[in-house]
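Geometric and topological summary
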Amino acid sequence: HLQGRYLPGETAEQWRGEGFCERMVLTKEMLDILPSYTITSMIASKRLELEKGEQVQELQDGVSGKRLKVENKNHLLEVMQKTRLEYENGDISFEEIDAAVRPFRFHPTRLECMAGGPDSVLWNRWEWQVDEDGMWKDASALLSH
């Protein structure tokens, strides 16, 4: 979030969505369209989690659940680089990838877009909603704030 720090002539879009997510089964075809750096990061994170074992602790914010803190950035980079090379060389089994990657499909029921910048007299804000029959209604223009 840039908090309104835009240069003259710049514009920004902010999208929000409401709805529900459906857990999907990972397929090899999905791996072809997902960015490799995302897959690599997920696999490396899972490896670090398994390495930590029962020492994975709940973060103090009460929201995040059990998450790992970066305690040794050098080790993290080592694991990330090793995982990236293994993935690029096809040396990671689909089973290990499947244990680390959790695909979801987002089914929106409401979408909103706000676009503008410092040169805009008024930011444009639009909303789309799904009706009771599951069909998208026409877009509605909303006040920007």
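Residues numbered from 1 in each chain as written. Predicted model: local features only at pLDDT ≥ 70, side-chain atom pairs only at ≥ 80, totals over all residues. Heavy atoms only, no water.

1. Here we look at the overall build of the protein
Counting its regular elements, the protein contains four helices and four strands. Secondary structure elements in the protein, listed N-terminal to C-terminal, are β-α-α-α-α-β-β-β. Burial analysis of the protein (145 residues in total) assigns 21% to the buried set. Looking at the protein alone, contacts between residues at least 24 apart form 60% of all its contacts between residues at least 6 apart. (Helix = DSSP H or I, 4+ residues; strand = E, 2+ residues; numbered from the N terminus. Buried < 20%, exposed > 50% of the residue type's maximum accessible area, 1.4 Å probe, protein only. Contact = heavy atoms within 4.5 Å.)

2. Digging into the pairing of strand S2 (residues 104-116)
Residues in a regular strand project their side chains so that they alternate between the two faces of the sheet. The sheet contact formed by strand S1 (residues 12-23) and S2 spans 12 bridges and is antiparallel. Bridging from a neighbouring strand, Trp15 pairs with Cys113 of S2. Pairing of S2 with strand S3 (residues 124-129), which is carried by six bridges, proceeds in the antiparallel orientation. When the sheet's bridge partners are listed, Glu112 is paired in S3 with Glu127. (Pairing = 2+ DSSP bridges.)

3. Structural notes on the layout of surface pockets
It is a probe the size of a water molecule, rolled over the atoms, that shows where empty space is left. The calculated volume of the largest pocket comes to roughly 280 Å³. Ser45, Leu48, Glu51, Lys52, Leu68, Lys69, Val70, Glu71, Asn72, His75 and Leu76 are the residues that line the largest pocket. Mapped onto the lining of the largest pocket, the elements with two or more residues apiece are helix H2 (36-52) and helix H3 (73-88). At four residues, H2 tops the list of elements feeding residues into the lining of the largest pocket. The class makeup of the residues in the lining of the largest pocket is four nonpolar, three polar and four charged. (1 Å grid on protein atoms, 1.4 Å probe; cavity = no way out; pocket = protein on both sides within 12 Å on 5 of 7 lines; lining within 4 Å. Points joined across faces, edges and corners; volume = space filled by probe spheres on them. Nonpolar A, V, L, I, M, F, W, Y, C, P; charged D, E, K, R; others polar.)

4. Description of the packing of aromatic side chains
What the rule picks out here adds up to one aromatic pair. Between the aromatic rings of Trp15 and Trp128, the centroid separation amounts to 5.8 Å while the plane-to-plane angle is 15 degrees, which identifies the pairing as stacked. Of this pair, Trp15 sits in strand S1 while Trp128 sits in strand S3; the two residues are 113 residues apart in sequence, bridging distant segments of the chain. If you follow Lys28 out to its NZ or CZ, it ends over the ring of Phe94, 5.5 Å from the centre. (Phe/Tyr/Trp six-rings, centres within 6.5 Å; stacked < 30°, edge-to-face > 60°. Lys NZ or Arg CZ within 6 Å of the ring centre and 35° of its normal.)

5. Focus: the side chain of Ser144
Secondary-structure assignment places Ser144 in the segment after strand S4 (140-141). For Ser144, the side chain forms a polar contact with the side chain of His145, separated by 3.2 Å. Excluding residues within four positions of it along the chain, Ser144 makes contact with Met114, Leu122, Trp123 and Arg125. (Polar contact = N/O pair within 3.5 Å; in protein donor to acceptor, adjacent residues only side chain to side chain.)

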